[in-house]
Number of protein chains: 2
Amino acid sequence: MKPNFSLRLRIFNLNCWGIPYLSKHRADRMKRLGDFLNMESFDLALLEEVWSEQDFQYLRQKLLPTYPAAHYFSSGVIGSGLCVFSKHPIQEFTQHVYTLNGYPYMIHHGDWFCGKAVGLLVLHLSGLVLNAYVTHLHAEYNRQKDIYLTHRVAQAWELAQFIHHTSKKADVVLLCGDLNLHPKDLGCRLLKEWTGLHDAYLETRDFKGSEEGCTMLPENCYVNQRELELFPFGIRIDYVLYKAVSGFYVSCKTLRTTTGHDPHSGTPLSDHEALMATLCVRHSPPQHTPSPTHGPAERSQLVSILKEAWIELDLGVAQARWWATFAGYVIGLGLLLLALLCALAAGGGVREVAILLWTPSVGLLLGAGAVYVFHTQEAKGLSGARAELQHVLGRAREAQDLGTESPPALLLGQQEGDGTEEQ
Amino acid sequence: MKPNFSLRLRIFNLNCWGIPYLSKHRADRMKRLGDFLNMESFDLALLEEVWSEQDFQYLRQKLLPTYPAAHYFSSGVIGSGLCVFSKHPIQEFTQHVYTLNGYPYMIHHGDWFCGKAVGLLVLHLSGLVLNAYVTHLHAEYNRQKDIYLTHRVAQAWELAQFIHHTSKKADVVLLCGDLNLHPKDLGCRLLKEWTGLHDAYLETRDFKGSEEGCTMLPENCYVNQRELELFPFGIRIDYVLYKAVSGFYVSCKTLRTTTGHDPHSGTPLSDHEALMATLCVRHSPPQHTPSPTHGPAERSQLVSILKEAWIELDLGVAQARWWATFAGYVIGLGLLLLALLCALAAGGGVREVAILLWTPSVGLLLGAGAVYVFHTQEAKGLSGARAELQHVLGRAREAQDLGTESPPALLLGQQEGDGTEEQ
């Protein structure tokens, strides 16, 4: 690779709102999305909420001349909704399905059925290894009383760990997707702090688009306005995040978002806004030293975020165990009731009533059994994530106490001088 | 690191058969296992089937002075059963739960409830990065009619991919566990071929233990003899596998197994035999060139195994889809029946019969719904694995056609000269 090596990467990200039968003007929006992607010829287009594999196949055919490589990440009952179109050959891909992803009995929310996941693509571009990740975390349906908060924090941690462990030999890491997390939400801070990823919106000097970089806007005619009641200017929940792992540095030259319309001012492409980033990858100068931000303040910030996440997961474990115990009692009660009903039915007398009550009793028993199994599994999953967090927290505290080495670098196992941000 | 650097690693692996209430002499065996591990002072003890977290806590307390670091991988309803005790500090750990792991309605087999997984530990030993993996794949209950074959192949692929993507910066990779795969089974060949891992039993020149290295022996009093009907000398399904990723080479100096007894000739520690390996890690000599086994024969072997696995997964996808479609028809039928029963109950006449039939109809509907959801999920999961395999197969074929580069090295992304086996 030449010393003056420079690589420009044009990235597109969009949550496509592609729910069959439910999302308005889906076919038309997919067509316009295809036209736009073909016209713009990005290096990489990462899409979420392409729930129908037919839509993916349609786009694949349409985009084939411009984006010869494509992949749909298949998982769950409905599908992960994640897919990718690339101008460059994809060397490798794999996926990791999140252990926790809502509750199967919350059918109207549907997240459990999607098998939400993170997809990884490895690309070799001019001798540089790019690990690109695309993801979609559990939706937030009620910010005041968010029953999925713990699961989203656990997903953010799993995502961060997956990136951390799979990107150790990558030169550049890119994460795009709908995180369903506001920039200051615990999950988002945890993800950024633990992976060291930079937020394109915060880093770029050339931003054009929606106010505050929001990706769900009240101006967008497809947005459910009730969802934005508390945020009259919109919310920012879709991201382009990136970092250089070693020997390189990445900067975000430009970032554009759509603003509630199609890029050519027609009806929007989705209920979310599209993100379009131009990243520039260059060799890290030899005199480059680790960023001064790896100081005591950052160390303490990492410890504080890890602690916050640990507390959230710990609460989640306790709650899951409570539900499992409660379901256990209901199972016991159901079994007693069934035995009683069987005795009554055998003894005559209230036979018809006993037979009639048999159905709800069996239903109660099976329902409680399912709840028990599900919440026990939830408790185990959360315990696993909590144990990982606790271990990292312990090491971060040790590093803080020693005060000699930069803990993010130490903890992230980055033995070489990291490439960091430079505009 | 000094040029004459040499590291000796003593590894212990055992499937502990620790099922509460069901496994014989569990408490006594755990006690003796703890005594033995303390006495032998291995570098790393990797255990499977420690289903009770109480047993883990007991061992943790007992082993604390010799193995200060320990971790239990928590997942599923029962737990993954995987745990590890280490003489050296564990730098990092994480886990990946297999997407497919049997069927929830096969309660008597129980695998689905275990949340089987692969656990990863990162250790830094004298400046060397060791990635140690421990796993336990789905059990085989009937070799002639193995309904879990596809799931086990999918798990072997997921395991291979997890190791492949998380070990790129490791110096040495170690995988221990109960794979529930015979050495020539498709899953085992796929795993070894795709990861490049070496089998300690086949590589060592100093082996002492059971005939053919078997890890389930008819001599073991806890073994269900019916399981070994076809294999009078036993089966080999537990493994110690290893490789050097770059700049190092690893050799297996000695491998020992127990032989149906406790190491001191008492009753066995488990129904499986323990594996005890001594590995030696050294710097790869500068003149070291990639192994000549990366020739056309090996290329063609990789392609053939990938193809075989692809066919197996493809069959699995078709079967899962058939079950989902069948369940879909049953749902339709159940809905029709329910409507009919409601009409009959409202109209009088056979009211009592209608009410009585209502229960099995609702049951049928719910059961079919669960089967539909489960097998659709299975089909998606298998499709995901099949897509990954197909991509790798395509690239392996390209490499085979080009014939210029060693495909395992090319495909595994090992840009540097790999460390290979040397006795």
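The following paragraphs examine the structure supplied in this document. The model shown is predicted, which means the values in this text are computed figures rather than measured ones. (Residues numbered from 1 in each chain as written. Chains lettered and ligands numbered in written order. Predicted model: local features only at pLDDT ≥ 70, side-chain atom pairs only at ≥ 80, totals over all residues. Heavy atoms only, no water.)

**Quick word on a nonpolar patch on the surface**
Residues and elements named next belong to chain A. A cluster of nonpolar residues, Leu337, Leu340, Leu344, Val350, Val353, Leu357 and Leu364, forms a patch on the protein surface that exposes about 550 Å² of accessible area. If you list the elements that add at least two residues to the nonpolar patch, you get helix H7 (296–347) and helix H8 (351–402). When its relative accessible area of 42% is taken as the criterion, valine 350 is described as partly exposed. (Patch = residues over 30% accessible without salt bridge, like charges linked within 9 Å, V, L, I, M, F, W, Y side chains within 5 Å. Areas by Shrake-Rupley, 256 points an atom, 1.4 Å probe, with all protein chains shown as cover. Salt bridge = Lys/Arg side-chain N within 4 Å of Asp/Glu carboxyl O. Helix = DSSP H or I, 4+ residues; strand = E, 2+ residues; numbered from the N terminus. Buried < 20%, exposed > 50% of the residue type's maximum accessible area, 1.4 Å probe, protein only.)

**Section: the packing of aromatic side chains**
Residue and element names in this part refer to chain A. Evaluated as defined, the whole model comprises 36 aromatic pairs over all chains. Here the aromatic rings of phenylalanine 12 and phenylalanine 36 are separated by 6.0 Å at their centres, their planes lie at 55°, and the arrangement is tilted. Of this pair, phenylalanine 12 sits in strand E1 (residues 6–18) while phenylalanine 36 sits in helix H1 (residues 26–40), and the two are 24 residues apart along the sequence. Here the two residues phenylalanine 12 and phenylalanine 36 agree in accessibility, since each one is buried. Here tyrosine 103 and tyrosine 105 contribute two aromatic rings whose centre-to-centre distance is 5.6 Å and whose plane-to-plane angle is 15°, an arrangement assigned as stacked. According to the relative accessible area criterion, tyrosine 103 is buried, its value standing at 11%. The exposure class of tyrosine 105 is partly exposed, given its relative accessible area of 42%. Members of the aromatic cluster, each reached through a chain of ring pairs, are Tyr103, Tyr105, Tyr141, Tyr148 and Phe374. (Phe/Tyr/Trp six-rings, centres within 6.5 Å; stacked < 30°, edge-to-face > 60°.)

**A word on the interface of chain A and chain B**
The interface is formed by 44 residues belonging to chain A together with 45 residues belonging to chain B. Carbon and sulfur atoms make up 55% of the area that chain A and chain B hide from each other, which totals about 4,100 Å². On the chain A side of the interface with chain B, the three residues burying the most area are His165(A), Lys169(A) and Lys380(A), jointly 17% of the side's total. Along the contact surface separating chain A from chain B lie 4 salt bridges. In this structure, Glu53(B) engages Lys380(A) in a salt bridge whose closest nitrogen and oxygen atoms are separated by 3.4 Å. Between the two partners, chain A and chain B, sit 21 residue pairs in polar contact (both at pLDDT 80 or more). Mapped by element, the contributors of at least two residues to the side of chain A that touches chain B are strand E5 (92–97), helix H3 (111–114), strand E6 (117–125), helix H4 (149–166) and H8 of chain A. At 15 residues, H8(A) tops the list of elements feeding residues into the side of chain A that touches chain B. (Contact = heavy atoms within 4.5 Å. Buried area = accessible area lost by both parts, 1.4 Å probe. Polar contact = N/O pair within 3.5 Å; in protein donor to acceptor, adjacent residues only side chain to side chain.)

Structural measurements only, silent on function.
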